Amino acid sequence: MRNVLRVLWAAGLSLAGLGQWATAQQPPVKPKTVAEKLGYPADARLLVIQAEDLGMAHSIDKASFEALEKGWVTTAGVLVPGPWFPEVLRWSRNHPNADLGVRLDLNSDWENYRWRPVSGLQRGSGLTDAGGYLPSTERYVAQHATPVEVEGEERAQIEMAKRAGISISHLDNHMRVMMVTPTLFQSYWKMGQEYGLPIM
């Protein structure tokens, strides 16, 4: 019995060594390029044209829907806190293959046309102004919003879009607010990693 075990043990080592040798002889698997993942050759040059701010206003939605339907643009970024977000939801249900990303929004940049955070933050938060709306400038967000408030609002916007049935293809950010400080960018990067979505 002891001899049989020795033979099996030696054979196992030989097979293990053979497996390692065979693996070493194979070239490493190259990860697919973005072009290949989209069905194009690896060296294809692709142009992505995005319509921005779906959900901000009916006029933006109407023009963007037409551009998406006719192939003038290839993707669109949705403002979940935007007043016309319900219109985007209705359109997206009839266009399930549309490439839609969430345009994370931490500020409402118009003077007389405003929207509020979707995470339920109240006045006094670093992500709201005196009227309870998202702040009008990126600088205000950078100076007053805490990382917890920022991540909470980002996550609330992504989750709201998911619950509404939008198949999110990517994350973008309104007014480039997530690029203002390293802390904001780190939060943005974290959301992309957490949800497995590319950031633009």
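For the structure itself, consult the block above.
Residues numbered from 1 in each chain as written. Predicted model: local features only at pLDDT ≥ 70, side-chain atom pairs only at ≥ 80, totals over all residues. Heavy atoms only, no water.

### Some details on helix α7 (residues 182–195)
Since one α-helical turn is 3.6 residues long, residues separated by three or four positions face the same way.
Now for step 1: An ideal rise of 1.5 Å per residue puts 20 Å on 14 residues; α7 measures up with 20 Å between its terminal C-alpha atoms.
Now for step 2: Turning to α7, its buried residues are L184, S187, Y188, M191, G192 and Y195. Down the axis of α7, the buried side of the element spans an arc of 140 degrees, and every buried residue falls inside it. Facing away from the buried side of α7 by over 90 degrees, the exposed positions are P182, Q186 and Q193.
Now for step 3: Against β3 (100–104), α5 (138–144), α6 (147–163) and β4 (168–173) lie the buried residues of α7.
Now for step 4: Looking one or two residues past α7, G196 carries a phi angle of roughly 65 degrees, positive in sign. (Helix = DSSP H or I, 4+ residues; strand = E, 2+ residues; numbered from the N terminus. Expected span 1.5 Å × (residues − 1). Buried < 20%, exposed > 50% of the residue type's maximum accessible area, 1.4 Å probe, protein only. Arc of directions from axis to C-beta. Contact = heavy atoms within 4.5 Å.)

### Quick word on the sheet that holds strand β1 (residues 50–54)
Now for step 1: If you trace the four strands from one edge of the open sheet to the other, you get β1-β2-β3-β4, paired in parallel fashion. The sheet terminates laterally at β1 and β4, the two strands that pair on one side only. With strand direction ignored, the average angle separating the axes of adjacent strands in the sheet is 30 degrees.
Now for step 2: Sheet topology note: the β1/strand β2 (residues 75–78) ladder contains three bridges and is parallel. Across the sheet, residue L54 finds its bridge partner in β2, namely V78. (Pairing = 2+ DSSP bridges. Axes fitted to C-alpha atoms, helices over the stretch in contact; angles between N-to-C directions.)

### Topic: the pairing of β2
Now for step 1: Side chains T75 and G77 of β2 all project onto a buried face; the interleaved residues A76 and V78 project onto the opposite face, where all are buried too.
Now for step 2: For the handedness criterion, the β-α-β arrangement of β1, helix α3 (residues 58–69) and β2 is classed as right-handed.
Now for step 3: With helix α4 (residues 85–94) bridging β2 and the parallel β3, this β-α-β connection has right-handed handedness. (Right-handed = clockwise from strand over helix to strand, strands pointing away.)

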